[in-house]
Amino acid sequence: MEELLFYCRAGFEKDLAGELAAEAAREGLAVYPRFVEGTAFVRLLSADGDPAPLRDAFSLEERIFARQRLPALHPLEGLSREDRVSPVVERIRASGWAFEAIWHETPDTNKGKELHRLGKALERPLASALRKAGALRGQGEAQGCRLHCFWTAGDRVQLGLAAPESSSDRPGGILRLKAPRAAPSRSALKLEEAWHQFLTPEEREQRLAEGMTAVDLGAAPGGWTWQLVRHGLHVQAVDNGPMDADLMAGGQVEHIREDAFTWMPPRPVHWLVCDIVDRPGRVADRIGDWLEAGWAREAIFNLKLPMKKRFETVRDCLDRLEQRLGAQTVRLRARQLYHDREEITVHARPARGAAD
Ligand SMILES: C[S@@+](CC[C@H](N)C(=O)[O-])C[C@H]1O[C@@H](n2cnc3c(N)ncnc32)[C@H](O)[C@@H]1O
């Protein structure tokens, strides 16, 4: 590998670069990010030209603004229309990479969409040439590794090699979900994606089960509440706005018309969720009140980020929460989900070993 390649939401390159720079400073790594705003990817290069320290650093699991992380080669530029395959095969041969699958990807932008057809057209010829070169192997013959051909223009591709444990196994790093027709709002997708992002399938089964309880702060019209109800939870939905009538008719939801920043639950619940549009610091502080008091065991909440310094704002909120609750007690993970727009989603759960 020669550098790291990250995918992100278009318009959030600067935030991701800031996040990577902060991590580099913490770890004492001399790196520099390269990006163009609006392109939906960030490259990370080593300042002294030695990429070895990058190999195991900047894990995807800990990233907030990245969807995918790939050890990569420097981009191949100026490819000719007549033969895009040979230069790719040459680079792969020189790199000594071996893999079991090839994915053609493009940035999650309008320009990226226009390049889909190119990847499609190159699929067969490239696979056949790389098989012949001995780089594309059979299943189980290359530790599950996958080649990513990231096309950012008709004549420019960046090659990345994904190992199963350190990269996302979703195309583009994106979890695509079908909008449930019965849900009162499209926001429902955000909570579903958050559960997939932060909980394993076993955890989802155990911790989102029939008879459990939840509070939804800023619940109306009820997309998130609908998701909780779908898993059999009983929900107290706190919002002055109107809740979806069908959802209320199900009998599992109590609508509480109060201010979410002052209302206190009569008894502790399993889950607290919150999707209120307000200052991130104010929301984070209120979540802190809940977790500190033990009113909820686990929380998922969104922080809205209409400001310029998005990474700094998020870091400040998370640091304050962690200081207040103690990293030994609570584990925080934050991610800008595919269904998040100018916002990120945070999961707070009891740290492993902390009393449940
Ligand atoms: C983005 S919407 C929530 C959408 C919801 N998650 C869904 O899936 O349908 C934000 C909601 O927060 C509510 N809200 C804002 N400030 C509030 C407050 N102080 N107390 C209670 N609700 C509040 C608004 O009335 C609005 O319904």
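Residues numbered from 1 in each chain as written. Predicted model: local features only at pLDDT ≥ 70, side-chain atom pairs only at ≥ 80, totals over all residues. Heavy atoms only, no water.

## Re the site of the ligand
Cut-off, in case you're wondering: One heavy atom within 4 Å of a molecule or strand makes the whole residue count as near it. Two N or O atoms form a polar contact when they lie within 3.5 Å of each other; inside protein one atom must be a possible hydrogen donor and the other a possible acceptor, and for residues adjacent in sequence the pair counts only when both atoms belong to side chains. Shrake-Rupley sampling with a 1.4 Å probe provides the accessible areas, and residues are treated as covered by the protein chains on show and by no other component. Each residue receives one of three labels: charged for Asp, Glu, Lys and Arg, nonpolar for Ala, Val, Leu, Ile, Met, Phe, Trp, Tyr, Cys and Pro, and polar for the others, Gly being one of them.
Around the ligand lies a shell of 16 residues, among which Gly 223, Asp 239, Asp 259, Ala 260 and Asp 275 are the nearest. A distance of 2.7 Å is found between an oxygen atom of the ligand and a side-chain nitrogen or oxygen belonging to Asp 239. Contact distances for the ligand include 2.8 Å between a nitrogen atom and a side-chain N or O atom of Asp 259. In the complex, the protein chains occlude 77% of the 600 Å² of accessible area that the ligand would expose alone. For the shell around the ligand, the per-class residue count stands at seven nonpolar, five polar and four charged.

## Overview of the UniProt feature "binding site: S-adenosyl-L-methionine" (unreviewed entry) in the protein
Where we set the bar: UniProt positions are given in the numbering used here, feature names are shortened, and annotations may be inferred rather than shown by experiment. Only DSSP runs of H or I with at least four residues qualify as helices, and only runs of E with at least two residues qualify as strands; both kinds are numbered from the N terminus onward. Residue contacts are defined here by distance: any two heavy atoms, one from each residue, within 4.5 Å place the two residues in contact.
On the UniProt side, "binding site: S-adenosyl-L-methionine" (unreviewed entry) is annotated at positions that read Ser 187, Ala 220, Pro 221, Gly 222, Gly 223, Asp 239, Asp 259 and Asp 275 here. With respect to the helices and strands, Ser 187 occurs in the loop between strand 7 (156–162) and helix 5 (188–198). Ignoring sequence-local partners within four residues, the contact set of Ser 187 consists of Trp 224 and Asp 275. Mapped onto the elements, Ala 220 comes out in the loop between strand 8 (213–217) and helix 7 (223–230). When residues no more than four places from it in sequence are discounted, the contact partners of Ala 220 are Asp 239, Gly 241, Pro 242 and Met 243.

## Details of the domain arrangement of the protein
Filter applied, for reference: Note that domain bounds follow an automatic or database assignment of domains. Buried area: the sum, over both parts, of the accessible surface (1.4 Å probe) that disappears when the two are put together.
Looking at the protein, the domain boundaries give domain 1 (3–173) and domain 2 (187–350). In this structure, domain 1 and domain 2 have C-alpha centres spaced 33 Å apart. Each side of the interface is counted separately: domain 1 has 16 residues, and domain 2 has 19 residues. Roughly 1,500 Å² of surface becomes buried between domain 1 and domain 2 when both sides are summed, with 47% attributable to carbon and sulfur atoms.

## Focus: the sheet that holds strand 8
Rules: Two strands make a pair as long as DSSP finds a minimum of two bridges between them. Working convention: axes come from line fits to C-alpha atoms, limited for helices to the stretch in contact. Angles between N-to-C directions cover 0 to 180 degrees.
Ordered by their spatial adjacency, seven strands build an open sheet running 10-9-8-11-12-14-13, and the pairing between neighbours is mixed. The two strands at the open ends of the sheet, each matched to only one other strand, are strand 10 (253–256) and strand 13 (330–335). The average angle at which neighbouring strand axes cross in this sheet is 15°, direction not considered. Bridge count between strand 12 (residues 296–304) and strand 14 (residues 343–350): six bridges; the pairing is antiparallel. Looking across to strand 14, one finds that Ile 300 is bridged to His 347. The strands touched by helix 5 are strand 11 (269–274), strand 12, strand 13 and strand 14; relative to strand 14, the strand with the most contacts, the crossing angle is about 50°.

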